[in-house]
Amino acid sequence: TVSVQRPSIARHMNRKIKAIYNANRNWWDSFTSCFIGTLLGIGITFWVSGAIAHREKVETERRIQLLTLDDLQGNIASLKAQGEVMLQTDSLFQQALACYPDRLDEISADLAGRIYSAVLTPGQYSGTRMAETMFTDNIEVWKSIDDLSVIRIIGDTFVMQNDMAACLDRLNGIKERLLTNIGHQQAVLDFNDHHEAMRCFFGTKENLNLLMQFQMQSHVLHLGTQLLDEMLTRIKEKLGITDEELAQLYDKRYEMEVFESHSF
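Residues numbered from 1 in each chain as written. Predicted model: local features only at pLDDT ≥ 70, side-chain atom pairs only at ≥ 80, totals over all residues. Heavy atoms only, no water.

(A) Looking closely at the nonpolar core. If you look at the biggest cluster of nonpolar residues, it comprises 55 residues, and the most contacted ones within it are Ile-107, Ile-115, Met-198 and Phe-201. Counting residues per element, this core draws most heavily on helix α6 (residues 149-185), which supplies twelve residues. Setting aside chain neighbours within four positions, we find Phe-201 in contact with Phe-93, Ile-115, Tyr-116, Val-119, Ile-182, Asn-207 and Leu-211. (Core = buried A, V, L, I, M, F, W, Y, C linked by side-chain atoms within 4.5 Å. Buried < 20%, exposed > 50% of the residue type's maximum accessible area, 1.4 Å probe, protein only. Helix = DSSP H or I, 4+ residues; strand = E, 2+ residues; numbered from the N terminus. Contact = heavy atoms within 4.5 Å.)

Next comes the structure, spelled out in structure tokens:
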């Protein structure tokens, strides 16, 4: 009797379960659809958010690279301009030296005036340390690029840039020393004529040595800035940055807060 009742009870329970399922089938299908839809919505939301965050990160990294290269390019352009000025000044000095010591009176009033004007005008370097700061403070941005050798090139460029800025300082220092030596003999404004001015210019033997130093340093600055230009071109090529892209940098109004408000 017991063995007969158990299958009967099992069949009865199965019928009850099927009846409950069939009675609530619409609810179950609706719940399943909503649940799957919710999961898909959450997944899509996270995917979209992640895609947007990745795009913003890539754009921010690119802007930091552009800002760094733009400032570095400006620094190099300023140094190049000063290098040209110093070469022109050295050319004036060499023309005067060609008349030393026994033909100083052959130096023209125009040449003498240009020499004194050059000595009295210090070289102006308008460079900043912004590019170097952006590079060192956001090193992870640069580590994300494919060709890591560009990091070394950029580092070498900053070293060379600082060396050339120091070279310009030395050239300005030579000018100041020349002027000091002249002033020890006679006030610049007290010369009777340009002949007297040039005799005073060469009246201190140290000035001859200073002119030789100036010639060497001016050529160092000129060659160094040419090398800087080549290094900058190589960096831009490796990063795929064009002059047109840099020219549009501030047209797009990229703000400096870009790198200040992000940490990488």
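(B) Highlighting the side chain of Gln-217. On the secondary structure map, Gln-217 appears in helix α8 (residues 205-239). Residues within four places of Gln-217 in sequence aside, it is in contact with Cys-167, Arg-170, Leu-171 and Ile-174.

(C) Expanded view of the packing of helix α3 (residues 109-120) against α6. Between α3 and α6, the shortest axis-to-axis distance is 8 Å and the interhelical angle comes to 115 degrees. Each of Tyr-116, Ala-118, Val-119 and Leu-120 in α3 lies in contact with α6, whose residues at this interface are Lys-175, Leu-178, Leu-179 and Ile-182. Partitioning the contact of α3 with α6 into residue classes produces seven nonpolar, no polar and one charged. (Axes fitted to C-alpha atoms, helices over the stretch in contact; angles between N-to-C directions. Nonpolar A, V, L, I, M, F, W, Y, C, P; charged D, E, K, R; others polar.)

(D) Structural context of the environment of Gly-123. Of note, Gly-123 is situated in the loop between α3 and α4 (130-137). With 44 residues separating them along the chain, Gly-123 and Leu-79 place their C-alpha atoms 9.5 Å apart. Apart from residues lying up to four places away in sequence, Gly-123 is in contact with Gln-82, Met-86, Asn-172 and Lys-175.

(E) How the structure looks around α4. Of all the residues in α4, the buried ones are Ala-131, Glu-132, Met-134 and Phe-135. The arc that holds every buried residue of α4, seen down its axis, measures 165 degrees, which confines them to one face. (Arc of directions from axis to C-beta.)

(F) Geometry of the packing of α3 against helix α7 (residues 194-201). Where α3 meets α7, the closest approach of the two axes is 9 Å, and the angle between their N-to-C directions is 50 degrees. Here α7 runs oblique to α3, going by the angle between their axes. Taken as a pair, α3 and α7 cross one another with a handedness that is left-handed. In contact with Ala-109, Ala-112, Ile-115, Tyr-116 and Val-119 of α3, α7 contributes His-194, Ala-197, Met-198, Cys-200 and Phe-201. Partitioning the contact of α3 with α7 into residue classes produces nine nonpolar, one polar and no charged. (Parallel < 35°, antiparallel > 145°, perpendicular 65-115°, else oblique. Left-handed = near helix turned anticlockwise from the far one by under 90°.)

(G) Region of interest: the packing of aromatic side chains. For the structure on display, the rule yields eight aromatic pairs. Taking the centre distance of 5.1 Å and the plane angle of 75 degrees together, the rings of Phe-93 and Phe-214 count as edge-to-face. Of the two residues, Phe-93 sits in helix α2 (residues 25-97) while Phe-214 sits in helix α8, which places them 121 residues apart along the sequence. Here the aromatic cluster, defined as three or more aromatic residues joined through ring pairs, consists of Phe-93, Tyr-100, Tyr-116, Phe-191, Phe-201, Phe-202 and Phe-214. (Phe/Tyr/Trp six-rings, centres within 6.5 Å; stacked < 30°, edge-to-face > 60°.)

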